[in-house]
Amino acid sequence: MIISLWMMLHVLPLGLMKSQMSCQRHGLVIQGANFSDFSFLKTNKVFFGPTCKLYLASPVLSYPCSLQQLKQVRNQTKSHIVLANHNGNGEHEEGRSTPISDDQVFTSIFLASINNDSQENSAVNSSVSISHSQLNPKEHVVDLPVNRKNLLDRLKAVHLHISASEQWNLSRIELCHRNYLVSARNLIHYLALKCLDTEQLQEELSAIGLQNLETINPHVLASVYSGIQLLNNLESRLLDSEAEANSVDINHVFFGDSLKVSKHKNEDFSRTSLRRRAVSYKESLLGPIQDGKPSHIMATVGNEAIECETLLGDLLSNGTTIFRINCAHGVPSVWSEIIRRIKRSSKMLEKPCRILMDLAGPKLRTDRMKEGPSVMKISPKKDATGSVILPAQVWLSYIGFGSPPTHLSPDVVLFVDNKHLLSSLEVGDVLKFCDTRGRKRSLKISKKCPVFAGVGFMAECSRTSYVESGTKLRIKKKHGCSSVGKIVNVPAVEEFVRLKIGDLLIISRDPCLASNEGSPVGGPRVSCSSSYLYDSVKPGEPIAFDDGKIWGVIQGTSSSEIVVSITHASPKGSKLGPEKSINIPQSEIRFEGLTSKDLLDLEFIAEHADMVGFSFIRDVSDVIVLQQELEKRKLQKLGVVLKIETQGGFDKLPFLLLQAMHLPNPLGVMIARGDLAVECGWENLADIQEEILSICGAAHIPVIWATQVLESLVKSGLPTRAEITDVANGQRASCIMLNKGKYITGAVSTLDSILRSSGSQKMKSKLKSLLVPSQQH
């Protein structure tokens, strides 16, 4: 049993007192030993840390206090001392340590903070009594000269607490693969530091120009030890030989011989070594970064990569280093063709890249809807009076020639079945046709462009038209009209339901019942075939659609239908289409770790991709299931990206990382901000992002910054100022991911420019010119 008494080194010297009521509110048991390994203490921020703490429910706390005062507090609050052991069941864990006496405990505690009688007396004389019920660190900060000796003692106490926390979690650490052992230890050190209130300590460290405890997470132990050394140097005095001879080994008193297990060479925990380890993990998963950029660029691709022959090459040329394919959409035959084209473009351009494939996971989505007619509308731009101010831009090409070049932005793309006749067109030619309504319309060729496999044409249409597959195109000549061919492959119109505030939406198990028509209760219908939804929700619970664009409250449920009252939507109505996300953040829903589809897709990913994205992780058991499948297939080199997009996944992130470290697979974390914001609350997203970055930084695990990065730029071609700021903030991650969109190539180029300019010498030279006077004669 390892007795958690080292927290007194923090509680007493730092003046930290956490009330019994507060701990109970956060699920902690004060007067018992039924602790989990970690608790998540939520105040203004979310704090993680081991519950190996000692709480004193004393009405009065003296700061700092003498050994005699401590004994008095001990006697007054003896029933409130928490003794927690490693296995959490109130029993001694065999082989760990043996109980120690009170005298040993209190003597050992104060050896770190009291070196001689004069210092002790000084501390007693300067003690300040603080009422526990009124304790507020911010209100009781006293602006006094920094006592460097007292500061040194408290920093030593922090160091001891961190070392003790490692011992507490030693069995968990030893399960990690040897590649991750040091990083797992540093993660434990970070969590131990985060569970302490170091605000006052940090202020005093800053006052004498020492380190910031908020930024040392990649190398916690080394930084704290460096601070101790610096303070020792500032003190310029050492313990005399007599004190050294009479001193007691605190580590031995607390941990006995078990401490020797965690003793490692100093270089293992040095800052340089840990930084190299972080870079190694990053390159192992994502590959080396080219051109000195701080982060990789990941682009999501789908069917458009097949439709446009030049898209993948353009993305690579503009800075993309990783491509993402979402297995929730498409089929293996489409994925195979996309990957074939990625590898071909990468080889031709001599630009290495990697491929991430996301497992669909047990995410709830709306089912496919009945397809509408295969009709495409061509609409010129008009002013308020209805007059045409700009003709619609139409791209015409043979079906095998692909999409238009990226520098063109047509409103409509049409394919023609006659390659020979199409190639004979020239600028200025006019194509005639009758639209689906029987109205005569025309297209005037305005530009001829070479494409990858031939030529294509930009044409202008000045009147609203509707075309479908089979619409005939004719060219007007001097001797009459001749056929150019027929329009082919017009996609079916995607059906959707339009929802407004107050509407009643019916969610049905049966896809055949989904429609945009009114239901018996007066609302439109969509379908979701997942049984998880109908088994989990209750009336009164909130429900969200399409990453939170639409919100509602569940009014009624049955085994086959759910009635939802829409509470948030666009004033003009929001569209809800097929394969859109469904979130039920307050429902007790139980997902399986890997679905049957995920297992089939994992076979494909293992053969074709470099990384697998594990979606909708909620618990450690999900990671264990994936690891079992990886071991079964002997996939030790396949990168694993844990997608954090649920409240459970965020709360248990330290557990997930430690479990994932059991295997040697390259490891990463994706902040999937779309679902994460819906599940955890929009107002909490910024703090959650920060916490994930900090935790992963402590574990040296690379992070992917994802969802709605430069969203306006990708969709419309124009960024918002907030998006640019978001990208600048995202540079702290190892990779920034962009989703699909019409202007994805331009967005990648913009993102690449932002990353290249980060920390550039250009800005430094400007600042330097302000400080160094120009040499003018």
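Okay, so let's go over this structure. (Residues numbered from 1 in each chain as written. Predicted model: local features only at pLDDT ≥ 70, side-chain atom pairs only at ≥ 80, totals over all residues. Heavy atoms only, no water.)

Section: the packing of aromatic side chains
- Applying the stated rule across the entire model yields two aromatic pairs.
- Aromatic side chains Tyr180 and Tyr281 sit 5.0 Å apart centroid to centroid with 45° between the ring planes, which places their arrangement in the tilted category. Highlighted residues: Tyr180 in the loop between α7 (170-174) and α8 (181-194) and Tyr281 in helix α13 (residues 271-286), separated in sequence by 101 residues.
- Residue Tyr180 is classed as buried on the basis of its relative accessible area, which comes to 3%.
- For Tyr281, a relative accessible area of 9% corresponds to the buried category.
- Judged by centre distance (5.6 Å) and plane angle (65°), the rings of Trp335 and Phe604 are edge-to-face. Of the two residues, Trp335 is situated in helix α16 (residues 332-349) and Phe604 in helix α19 (residues 596-608); the sequence distance between them amounts to 269 residues.
- Take Trp335: its relative accessible area is 2%, and that puts it in the buried class.
- The aromatic ring of Phe496 is capped on one face by Lys575, whose charged end is 4.6 Å from the ring centroid. (Phe/Tyr/Trp six-rings, centres within 6.5 Å; stacked < 30°, edge-to-face > 60°. Helix = DSSP H or I, 4+ residues; strand = E, 2+ residues; numbered from the N terminus. Buried < 20%, exposed > 50% of the residue type's maximum accessible area, 1.4 Å probe, protein only. Lys NZ or Arg CZ within 6 Å of the ring centre and 35° of its normal.)

Things to note about the sheet that holds strand β5 (residues 296-300)
- Taken together, the eight strands give a closed barrel; going around it, the order is β5-β6-β7-β27-β28-β29-β30-β31, and neighbouring strands pair in parallel fashion. Taken pair by pair, the neighbouring strands of this sheet meet at an average axis angle of 25°, ignoring direction.
- Summarising the sheet, strand β30 (residues 703-706) and strand β31 (residues 735-738) pair through two bridges and their orientation is parallel. Bridge pairing in β31 places Trp705 opposite Ile736.
- α13 rests against β5, β6 (322-326), β7 (354-358), β27 (611-614), β28 (639-644), β29 (667-672) and β31 of the sheet, and its axis sits at about 80° to β7. (Pairing = 2+ DSSP bridges. Axes fitted to C-alpha atoms, helices over the stretch in contact; angles between N-to-C directions. Contact = heavy atoms within 4.5 Å.)

Re the nonpolar core
- Core analysis: the biggest nonpolar cluster contains 105 residues, and Met357, Leu642, Leu657, Ile692 and Ile701 have the highest contact counts within it.
- By residue number, the principal contributor to this core is helix α24 (residues 685-699), which donates eight residues.
- One finds Met369, Ile507, Ile554 and Ala569 within the second-largest nonpolar core, a separate group that totals 25 residues. (Core = buried A, V, L, I, M, F, W, Y, C linked by side-chain atoms within 4.5 Å.)

Concerning a positive patch on the surface
- Taken together, Lys432, Lys440, Lys472, Arg474, Lys476 and Lys486 make up a surface patch of like positive charges.
- Sorting elements by how many residues they give to the positive patch places strand β17 (residues 472-477) first, with three residues.
- Along the chain, Lys476 turns up in strand β17.
- Overall, the relative accessible area of 58% leaves Lys476 in the exposed class. (Patch = residues over 30% accessible without salt bridge, like charges linked within 9 Å, V, L, I, M, F, W, Y side chains within 5 Å. Areas by Shrake-Rupley, 256 points an atom, 1.4 Å probe, with all protein chains shown as cover. Salt bridge = Lys/Arg side-chain N within 4 Å of Asp/Glu carboxyl O. Lys, Arg positive; Asp, Glu negative; His and termini not counted. Charge placed at Lys NZ, Arg CZ, Asp CG, Glu CD.)

Considerations on the sheet that holds strand β22 (residues 542-545)
- Reading across from one edge, β21-β20-β24-β23-β22-β26 is the order of the six strands in this open sheet, with mixed pairing throughout. Of all the strands in the sheet, just β21 (525-527) and β26 (582-583) have a single pairing partner and so form its edges.

Looking at the side chain of Arg341
- Here Arg341 lies in helix α16.
- Note on Arg341: relative accessible area 11%, which makes it buried.
- If we skip the residues at most four places from it in the chain, Arg341 touches Ala305, Ile306, Cys308, Glu309 and Leu312.

What to know about helix α20 (residues 620-632)
- Compared with an ideal rise of 1.5 Å per residue, which puts 13 residues at 18 Å, α20 spans 18 Å between its outermost C-alpha atoms and is within 8% of the ideal.
- Buried within α20 we find Val620, Asp622, Val623, Leu626, Gln627, Glu629 and Leu630.
- If you follow the buried residues of α20, they end up packed against α19, β27, β28 and α22 (653-660). (Expected span 1.5 Å × (residues − 1).)

Digging into the packing of helix α23 (residues 673-680) against α24
- In the contact formed by α23 and α24, the axes pass within 10 Å of each other and the chain directions differ by 120°. In this view, α23 runs oblique relative to α24, as classed from their interaxial angle. In this structure, α23 crosses over α24, and the sense of that crossing is right-handed. Of α24, the residues touching α23 (which contributes Arg673, Leu676, Ala677 and Cys680) are Leu685, Ile688, Gln689 and Ile692. (Parallel < 35°, antiparallel > 145°, perpendicular 65-115°, else oblique. Left-handed = near helix turned anticlockwise from the far one by under 90°.)

So, the pattern of salt bridges
- According to the stated counting rule, one finds 23 salt bridges in the structure shown.
- The closest approach of N and O atoms between Asp358 and Arg324, which form a salt bridge, is 2.7 Å. Of this pair, Asp358 sits in strand β7 while Arg324 sits in strand β6, placing them 34 residues apart in sequence.
- The buried category is assigned to Asp358, whose relative accessible area is 0%.
- According to the relative accessible area criterion, Arg324 is buried, its value standing at 7%.

Examining the pairing of β7
- In terms of burial, β7 is largely enclosed, as four of its five residues are buried.
- The sheet contact formed by β6 and β7 spans five bridges and is parallel. In the strand pairing of β7, Ile325 is matched with Met357.
- In this view, the connection linking β6 to its parallel neighbour β7 by way of α16 has right-handed handedness.
- Pairing analysis gives three bridges linking β7 to β27, with the strands arranged parallel. Counterpart to Met357 in the pairing with β27 is Val612. (Right-handed = clockwise from strand over helix to strand, strands pointing away.)

Thoughts on unusual backbone geometry
- Within the chain, Glu350 stands out as a residue other than glycine whose phi angle is a positive 55°.
- Mapped onto the elements of the fold, Glu350 is located in the loop between α16 and β7.
- On the basis of relative accessible area, Glu350 is assigned to the exposed category, the value being 71%.
- A positive phi angle, near 60°, is found at His700, a position not held by glycine.
- Relative to the elements of secondary structure, His700 occurs in the loop between α24 and β30.
- Residue His700 is classed as buried on the basis of its relative accessible area of 3%.

So, the environment of Gly523
- Within the fold, Gly523 resides in the loop between β20 (504-508) and β21.
- Residue Gly523 is classed as buried on the basis of its relative accessible area, which comes to 1%.
- Measuring from C-alpha to C-alpha, the distance between Gly523 and Val497 comes to 9.7 Å, with 26 residues separating the pair along the chain.

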